[in-house]
Structure formats: C-alpha cells, structure tokens
Amino acid sequence: MSLTRPMISRDSQFFWDGTALGELRLQSCNACDSLRFPPGPACPDCGALDRGHVVASGRGTVFSYVVHRHPPVPGKELPIVLVLVELDEGLRMLGELVDVDADDIEAGAVEIGMPVQVDFNRVDDDLTLPIWRRA
Ligand code: ZN
C-alpha cells in the first residue's frame, strides 16, 4: 500500500527506532531535562545540543480532533479521525485515532479530554507509526 511516509531525519531517527520497538520516545535535553516534540537539534528552552530521549507512558488525552473526509489520503479509507493528543508528559502529538467508526463521531464518540492510549501500526520493516486508541 502507498501510505504517506513521514520524513525520517537524523534528528528523528531515535523516534522511529522507538516505534519499531513499541516505544513512544520523546526527545529530552541532557542539559536541562526538558522534553520536546517534534525533535530538533537544539533545546528550545536552553539551546543545548546535548540531547537524549525518554520513553513516554503512552497515555494522554484528546486535546482536539478533526474528522478528515477530504482530500484523499494515499492508502487510507476515509474518513479518518486525527487527534491532537496531550501526552501525560505535557507534550502534544498528532496522530490517527483508530477503532472509532466515523459515523459514531457525530454521536459524540470522540470528546475533548477523552483518555487515549498509544498503539503501534507496523507498516513495513522501515516504518512503524504510532496510533491512538480509546483508553
Ligand atoms: Zn535544555
């Protein structure tokens, strides 16, 4: 299947290595311990380049969401639900909410503040995407 592939760069390689292992990794600053997402070369808080990562709990809540009906997404049957998840660690991450029938959304199946749990969708040997399920 042809799926829109994320950019995997030197800065984000650790993130994708993590998803392949079933870990949701967050970049951390070795100088001031702050966490950041998306990954980048320098700490936005203190500017340090010395970076590491922590494994997130994988739990969060729905901060906002959108039902994507159009335009078409390669390899996807629409509609899909995209959620901006506020992680327990305080960072926000966009992803697909699965196991929700789009028709149920009108009936309130997705709510702001709803707890969600990360899961992993192994696309192929090189790509495993984090996805979200209702907790
Ligand atoms: Zn820092």
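Scroll up for the structure.
Caption draft 1: Main features of the environment of His53. Mapped onto the elements of the fold, His53 is located in strand E3 (residues 51-55). For His53, a relative accessible area of 37% puts it in the partly exposed group. Linking His53 and Pro6, residues 47 residues apart in sequence, is a C-alpha distance of 19 Å. Excluding anything up to four places from it in sequence, His53 contacts Phe14, Arg25, Leu26, Gln27 and Ser28.

Caption draft 2: Molecular detail of the coordination of the zinc ion. Note on the zinc ion: its protein donors are Cys29 (SG), Cys32 (SG), Cys43 (SG) and Cys46 (SG). The metal-donor distances range over 2.3 Å. In this structure, the zinc ion is coordinated by four donor atoms arranged in tetrahedral fashion, with angles at the metal of 105 to 115°. Read N to C, the donor residues that coordinate the zinc ion are spaced as C-x2-C-x10-C-x2-C. Separated by 14 residues along the polypeptide, Cys29 in strand E1 (residues 25-29) and Cys43 in the loop between strand E2 (35-36) and E3 bring together distant segments of the chain. In this pair, the class of Cys29 matches that of Cys43, namely buried.

Caption draft 3: Structural view of the pattern of salt bridges. A complete count under the given rule lists eight salt bridges for this structure. Between Glu96 and Lys76 there is a salt bridge; the shortest N-O distance is 2.7 Å. Of this pair, Glu96 sits in strand E6 (residues 92-97) while Lys76 sits in the loop between strand E4 (59-68) and strand E5 (80-87); the two residues are 20 residues apart in sequence, bridging distant segments of the chain. Judged by its relative accessible area of 27%, Lys76 is partly exposed. Ionic pairing is found between Asp99 and Arg133, a salt bridge with its closest N-O pair at 2.4 Å. In this pair, Asp99 sits in the loop between E6 and helix H2 (102-105) while Arg133 sits in strand E8 (residues 127-134), placing the two residues 34 residues apart along the sequence. By relative accessible area, which is 55% here, Asp99 ends up exposed. Judged by relative accessible area, Arg133 falls into the partly exposed class, the value being 28%. Connected through shared salt-bridge partners, Asp99, Asp119 and Arg133 make up one network.

Parameters at a glance
Residues numbered from 1 in each chain as written. Predicted model: local features only at pLDDT ≥ 70, side-chain atom pairs only at ≥ 80, totals over all residues. Heavy atoms only, no water. Helix = DSSP H or I, 4+ residues; strand = E, 2+ residues; numbered from the N terminus. Buried < 20%, exposed > 50% of the residue type's maximum accessible area, 1.4 Å probe, protein only. Contact = heavy atoms within 4.5 Å. Donors = N, O, S within 2.8 Å, 3.2 Å for Na, K, Ca; no water. Tetrahedral: all angles 85-135°; square planar, octahedral: opposite > 155°, others 65-115°. Salt bridge = Lys/Arg side-chain N within 4 Å of Asp/Glu carboxyl O.

Just distances and angles here, no functional claims.
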